Amino acid sequence: MSILSKEIIFRFKATAFFVTLILFIFHDYFPKRAIELHPNLTRYIDESLDSSVGGKSELIWLDKENLHWVCVLREGAPYPYCGISIAWSKEPFLQLDFSSYDALEVDLEYTGQARYIRVFLRNYYPLPNMSDTIGKAKFNNIFKLTEDFKQPTNIPFDQLRVADWWIDDNQISPEDIKPDVSKVISVGLDIPYPNKLGRHEFKLNRLRVVGEYISKETLYLGIIIFWTVLLLIEMLISHLKLRNKVQLDGQKLQKLKEKSALYQEKAEYDKLTGVLNREGLNRIVSEFYSTQLLEQYTLLVLDLDYFKQVNDQYGHIIGDQVLQEVATTLKSCIRSYDIVSRWGGEEFVILFYCMDTDSIFPFAEKVRKKIESTSFVDGKLDKMTISVGATNLAAEELFEQAFIRADKALYAAKAKGRNNTVVIL
């Protein structure tokens, strides 16, 4: 190869390297494609108030055109709430497809004492007797800490969850309970229950759906392909051995990525039941503790009664199936902001969001009775029971201290003959 050819190749590679470096560094600053919802498409505003269930909360418009309003939450309804819902049109409702976008960007000014605000998207969902299209639409929602709105914040669509009450009210089949933003007919914000009573002021400056013209994955794949082709050309010109080395390195990199993804999954979730494992629960507990949310939860430790006899009589395959079905049953008893985890063996943990300690025992009993009344393994096991130990999580208290107390309560429940609930505060 001539000196001139080497110099041309070197300059080309140097230019390509700098272009690649710029793409890596500045990708997050590239212009994003967007659908401007507010102020462009926010034409029809519906008020959502607890007055429909006997509440006395009030919504006061300071500037309706610019979406500036005040919610005054008052006692009166079992679950005081207040907020607005924004639609692009009246019936027949215009359906917007957000499935190729990444997130909802919200620029909201909030003044008040609420700990969190709910953001939701109603996605068209065909149901029998559709007299209320928006009311029956799939309720994709997320609870965001109010401090997140001190600056414009993105709400990734993959973090949305379908509300439990919507699933229950409409008897939705399991395959349809995943979030969906392909036919969105409205977007809303509200102060959900539980939250602080009093004055809550909102000013929605901007609302839009955002996505990347080229995703990081696509960009990185393109860069990898480009450099791979370039290296292959160079190897064909100079050394065939280098081509084999690059291919081998690519295979190793792929295996490392696969192992990394596998380790990530194993580190957070229980492989058998699909719920959080101990490491995953500890991570969430640490996050809750740092944001002072942990003290608003109740800790339940649950243990399957006589589970060893199930393994001895039916074998470990049936025992594993029982654990899977128990985990599914426990998940059916909690809300979207409650947490269930397998602590180990036949022991499970529930973090139950609870502002009132008087609610601890009724909830624990609800879970206990649900397990007791459920038939497992297609009726092979007519009755399984659990013992439950529960306690509150006091302010500034370490999770480990509360767990010791809940474990003592569990031991007391077993001492009473099992299939019991004991609460120690």
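Everything below is about the structure shown above.
Analysis parameters
- Residues numbered from 1 in each chain as written.
- Predicted model: local features only at pLDDT ≥ 70, side-chain atom pairs only at ≥ 80, totals over all residues.
- Heavy atoms only, no water.
- Buried < 20%, exposed > 50% of the residue type's maximum accessible area, 1.4 Å probe, protein only.
- Helix = DSSP H or I, 4+ residues; strand = E, 2+ residues; numbered from the N terminus.
- Pairing = 2+ DSSP bridges.
- Axes fitted to C-alpha atoms, helices over the stretch in contact; angles between N-to-C directions.
- Left-handed = near helix turned anticlockwise from the far one by under 90°.
- Contact = heavy atoms within 4.5 Å.
- Nonpolar A, V, L, I, M, F, W, Y, C, P; charged D, E, K, R; others polar.
- Patch = residues over 30% accessible without salt bridge, like charges linked within 9 Å, V, L, I, M, F, W, Y side chains within 5 Å.
- Areas by Shrake-Rupley, 256 points an atom, 1.4 Å probe, with all protein chains shown as cover.
- Salt bridge = Lys/Arg side-chain N within 4 Å of Asp/Glu carboxyl O.
- Disulfide = S-S within 2.5 Å.
- Parallel < 35°, antiparallel > 145°, perpendicular 65-115°, else oblique.

A word on the pairing of strand β8 (residues 138–145). Burial analysis of β8 places 7 of its 8 residues in the buried class, which makes it a mostly covered element. Bridge analysis of strand β7 (residues 116–123) against β8 gives 8 bridges, and the strand direction is antiparallel. Directly across from Ile 117, in β8, lies its bridge partner Lys 144.

Moving on: the pairing of strand β5 (residues 82–87). Judged by how many residues are buried, β5 sits mostly within the fold: 6 of 6 residues are covered. Both faces of β5 are covered, namely the face carrying Cys 82, Ile 84 and Ile 86 and the face carrying Gly 83, Ser 85 and Ala 87. For strand β2 (residues 44–49) and β5, the ladder comprises 6 bridges, and the chain directions are antiparallel. Bridge pairing in β5 places Leu 49 opposite Cys 82. As paired strands, β5 and strand β11 (residues 184–191) are joined by 6 bridges and run antiparallel to one another. The partner of Cys 82 across the bridge, within β11, is Ile 191.

A word on the packing of helix α8 (residues 316–333) against helix α9 (residues 360–372). Interaxial distance between α8 and α9 falls to 10 Å at its minimum, and their mutual angle equals 140°. α8 and α9 meet at a crossing whose hand is right-handed. Only Phe 363, Lys 366, Val 367, Lys 370 and Ile 371 of α9 make contact with α8, whose side of the interface consists of Val 326, Thr 329, Leu 330, Ser 332 and Cys 333. Residue composition of the contact of α8 with α9, grouped by class: 6 nonpolar, 2 polar and 2 charged.

Residues Phe 17, Phe 18, Leu 21, Phe 24 and Ile 25 make up a contiguous nonpolar surface patch of roughly 500 Å² in combined accessible area. As for its placement among the helices and strands, Ile 25 is situated in helix α1 (residues 3–26). On the basis of relative accessible area, Ile 25 is assigned to the partly exposed category, the value being 48%.

A separate point is the state of the cysteines. Under the definition given, this model contains 1 disulfide. The residue that forms a disulfide with Cys 71 is Cys 82, at a sulfur-sulfur distance of 2.0 Å. Of note, the bridge from Cys 71 to Cys 82 carries an S-S torsion of about -75° and is left-handed in sense. On the criterion of sequence distance, the pair formed by Cys 71 in strand β4 (residues 68–73) and Cys 82 in strand β5 is long-range, its members being 11 residues apart.

We now examine the environment of Leu 232. Along the chain, Leu 232 turns up in helix α4 (residues 216–237). A sequence separation of 15 residues divides Leu 232 from Gln 247, and the C-alpha atoms of the two residues are 9.4 Å apart.

Between two packed helices, what matters for the description is the angle formed by their axes and the separation of those axes. At a minimum axis separation of 7 Å, helix α7 (residues 307–314) and α8 run at an interaxial angle of 140°. Relative to α8, α7 is oriented oblique. Between α7 and α8, the contacting residues are Phe 307, Val 310, Asn 311 and Tyr 314 on the first element and His 316, Ile 318, Gly 319, Val 322 and Leu 323 on the second. The residue inventory of the contact of α7 with α8, partitioned by class, reads 6 nonpolar, 3 polar and no charged.

The next point concerns the pattern of salt bridges. Tallied over the entire structure, the rule returns 17 salt bridges. For Arg 283, the salt bridge goes to Glu 287, with nearest N and O atoms at 2.8 Å. Placement of the pair is Arg 283 and Glu 287 together in helix α6 (residues 278–290), with a separation of 4 residues, close to one helical turn. Overall, the relative accessible area of 35% leaves Arg 283 in the partly exposed class. The class for Glu 287 is partly exposed, based on a relative accessible area of 39%. Taken together, the salt bridges that share partners define one network made up of Glu 36, Glu 105, Arg 206 and Arg 208.

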